Amino acid sequence: MRLDSTLAWPFFTDEHRVRAERFEGWLERLLPERFDSEAAQAPSPEEQVRAWARELGSEGWLDPCKRLDVRAMALAREQLAYRGGLADFAFAMQGLGSGAISLFGSAEQRERYLPEFFSGASIAAFALSEEHAGSDVSALATRALHRDDGYVIDGEKCWISNAGIADTYVLFARTSESPSKGLSAFIVDAAAEGLAVGRSIRTMSPHPLGTLRFNGVRVPHSARIGEEGDGFRIAMATLDIFRATVGAAALGFARRAFDEARSHVLQREIYGAKLADLQLVSGMLAEMATEIDAAALLVYRAAFAKDAGAARITKEAAMAKWYATEAAGRVCDRAVQLFGGRGVTHGEIVERLYRDVRALRIYEGASEVQQVVIARTLLKEPLLG
Ligand SMILES: Cc1cc2nc3c(=O)[nH]c(=O)nc-3n(C[C@H](O)[C@H](O)[C@H](O)COP(=O)(O)OP(=O)(O)OC[C@H]3O[C@@H](n4cnc5c(N)ncnc54)[C@H](O)[C@@H]3O)c2cc1C
């Protein structure tokens with residue numbers, strides 16, 4: 001991936017620039033086959049995710065998740081997504097799955113869980129969604145009953161990334177009926193008695209995903225993150241940070257689609273000239289490049305604001321995620337179009353990117369939810385004058 005023009009932008013420090021260049025060098029030295037998660041001889045997505053987490057962790061590349069350095073996480077996700085969806089996914093989940101503990105965990109919880117997540121020895125997951133509670137978090141039905149000796153958890157989670165391979169789940173469950181303070185967050189070990197992995201869910205691009213059943217799972221009070229009733233706030237503050245990095249992953253996919261399309265139109269002979277010579281084709285390239293830059297500006301702005309000390313970046317992160325994921329969908333679609341019949345052929349990079357990028361407009365808050373969040377935040381801002 002070409003980093004020069006991106007890193008010249010004023011959002012980044014020299015430390016970010018050096019790190020991104022070193023990471024790029026490391027990625028370039030890996031065999032390109034490592035990133036082809038769908039090759040016939042490739043290990044299962046689950047095995048690939050474990051391997052990526054271990055490798056990224058042991059080389060210190062998960063450190064930005066430890067420091068919650070949002071710009072460094074954004075750059076790393078962009079660089080990984082440029083090459084392969086599962087490599088990015090492994091990085092993202094170690095960050096999202098550990099985020100609530102990093103932000104709100106007690107010293108003891110941080111000491112016990114975080115080093116293993118960041119070394120890649122232990123796999124993390126974030127279990128919020130349920131079959132009837134995706135966008136509508138208030139419908140969450142998994143319950144954690146407060147007892148003198150801890151909590152008893154019952155319920156079912158759906159669409160959980162890393163279900164079945166995670167060692168530890170950050171779980172959100174209902175502890176009361178209060179509309180604003182009804183949820184609490186817990187750390188649940190995968191080996192806990194009564195916790196079972198249900199069905200595995202196959203999606204249009206490789207992604208370890210499944211359901212989880214909690215049947216009388218007991219956890220001590222010390223497994224709760226923050227105070228009882230803080231769950232919604234913890235989930236949203238964690239998503240604030242990671243939504244901006246979903247935008248960054250979208251950017252990586254889009255940049256790759258653009259590069260593939262650019263090199264294709266410069267080579268493909270048509271009507272006795274090159275595809276790039278057609279004005280409508282130039283127009284498509286111009287649209288793709290401009291949308292990529294617009295997305296990058298929104299992603300880096302959100303990341304910069306958080307790193308600069310903003311308590312919340314709800315609006316900025318929602319704008320970054322919404323715009324970047326939608327723009328990446330359009331960019332990948334145009335790349336497929338420019339490849340003609342090859343564009344829809346299995347094994348072509350643009351065909352894979354077209355599938356890889358789709359789920360980003362749905363998870364961590366669908367595009368429409370981001371629009372609602374943006375408008376709600378704007379409407380709360382004081383009137384001028
Ligand atoms: C690949 C993948 C990985 C995931 N990983 C995780 C994970 O690790 N942990 C986790 O907890 N969850 C995860 N999810 C779940 C994901 O967050 C939910 O799928 C998402 O929040 C949408 O919820 P839903 O599927 O129930 O759709 P619904 O909530 O039923 O929404 C359906 C559609 O309705 C529209 N919509 C929703 N709300 C509004 C609104 N207010 N206004 C207008 N339109 C609206 C949107 O278009 C939305 O896509 C994952 C999902 C996918 C696909």
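Just so you know, these numbers come straight off a predicted model, no measurement behind them. (Residues numbered from 1 in each chain as written. Predicted model: local features only at pLDDT ≥ 70, side-chain atom pairs only at ≥ 80, totals over all residues. Heavy atoms only, no water.)

In terms of helices and strands, the chain carries 12 helices and 10 strands. The C-alpha atoms of the chain give a radius of gyration of 21 Å, which matches the 21 Å a tight globule of 385 residues would have. Taken over the C-alpha atoms alone, the chain extends approximately 80 × 65 × 40 Å along its principal axes. Of the contacts made within the chain by residues no fewer than 6 positions apart, 73% connect residues no fewer than 24 positions apart. Here the chain displays about 17400 Å² of accessible surface, and carbon together with sulfur accounts for 53% of that area. Distance between charge centroids for the chain: 2 Å, based on 46 positive and 52 negative side chains. (Helix = DSSP H or I, 4+ residues; strand = E, 2+ residues; numbered from the N terminus. Rg over C-alpha atoms; globule rule 2.2 N^0.38 Å. Contact = heavy atoms within 4.5 Å. Areas by Shrake-Rupley, 256 points an atom, 1.4 Å probe, with all protein chains shown as cover. Lys, Arg positive; Asp, Glu negative; His and termini not counted. Charge placed at Lys NZ, Arg CZ, Asp CG, Glu CD.)

Geometry of an aromatic ring pair is reported as the spacing of the ring centres plus the angle between the planes. Applying the stated rule across the entire model yields 12 aromatic pairs. Taking 5.9 Å as the distance between ring centres and 55 degrees as the angle between the ring planes, the aromatic pair formed by F11 and Y300 counts as tilted. Linking F11 in the loop between α1 (4-7) and α2 (14-29) with Y300 in helix α9 (residues 279-307), this pair joins segments that are 289 residues apart in sequence. On the basis of relative accessibility, which here comes to 1%, the residue Y300 falls in the buried class. Here the aromatic rings of F35 and W52 are separated by 5.2 Å at their centres, their planes lie at 35 degrees, and the arrangement is tilted. With F35 in the loop between α2 and α3 (45-58) and W52 in helix α3, this pair connects stretches of sequence that are 17 residues apart. Each of the two residues, F35 as well as W52, counts as buried. Joined through ring pairs, the aromatic side chains of W9, F11, F12, Y300 and F304 make up one cluster. In this structure, R34 packs its charged tip against the face of W52, placed 4.0 Å from the ring centre. Positioned above the aromatic ring of Y323 is the side chain of R330, whose terminal nitrogen or guanidinium carbon lies 5.9 Å from the ring centre. (Phe/Tyr/Trp six-rings, centres within 6.5 Å; stacked < 30°, edge-to-face > 60°. Buried < 20%, exposed > 50% of the residue type's maximum accessible area, 1.4 Å probe, protein only. Lys NZ or Arg CZ within 6 Å of the ring centre and 35° of its normal.)

Moving on to the domain arrangement of the chain. Domain parsing of the chain yields domain 1 (4-118), domain 2 (124-229) and domain 3 (233-380). On a C-alpha basis, the centroid separation for the pair domain 1 and domain 2 is 24 Å. Taken residue by residue, the interface counts 21 residues in domain 1 and 19 residues in domain 2. Carbon and sulfur atoms supply 70% of the area that domain 1 and domain 2 bury against each other, a total of about 1700 Å² over both sides. Taken as a group, F89, M93 and Q109 account for 27% of the area that domain 1 buries against domain 2, more than any other trio of residues on that side. The interface formed by domain 1 and domain 2 contains one salt bridge. In this structure, R112 engages D189 in a salt bridge whose closest nitrogen and oxygen atoms are separated by 3.3 Å. (Domains from an automatic or database assignment. Buried area = accessible area lost by both parts, 1.4 Å probe. Salt bridge = Lys/Arg side-chain N within 4 Å of Asp/Glu carboxyl O.)

The next subject is the side chain of T245. Of note, T245 is situated in helix α8 (residues 231-267). Since its relative accessible area comes to 1%, T245 is described here as buried. The residues touching T245, leaving out its near neighbours within four places in the chain, are V70, M73, A74 and R77.

We now examine helix α6 (residues 85-104). The end-to-end C-alpha distance of α6 is 29 Å, a good match for the 28 Å that 20 residues give at a rise of 1.5 Å each. Of all bends in α6, the biggest is about 45 degrees, found at S98. With 18 of its 20 residues buried, α6 lies for the most part within the structure. (Expected span 1.5 Å × (residues − 1). Bend = angle between axes of the 7 residues up to and from the residue.)

Okay, the pairing of strand β1 (residues 124-127) next. Where burial is concerned, the two faces of β1 agree: the one with A124 and F126 and the one with A125 and A127 are both buried. As judged from the four bridges shared by β1 and strand β4 (residues 168-174), these two strands associate in the parallel manner. Paired with A125 across the strands is Y169, a residue of β4. (Pairing = 2+ DSSP bridges.)

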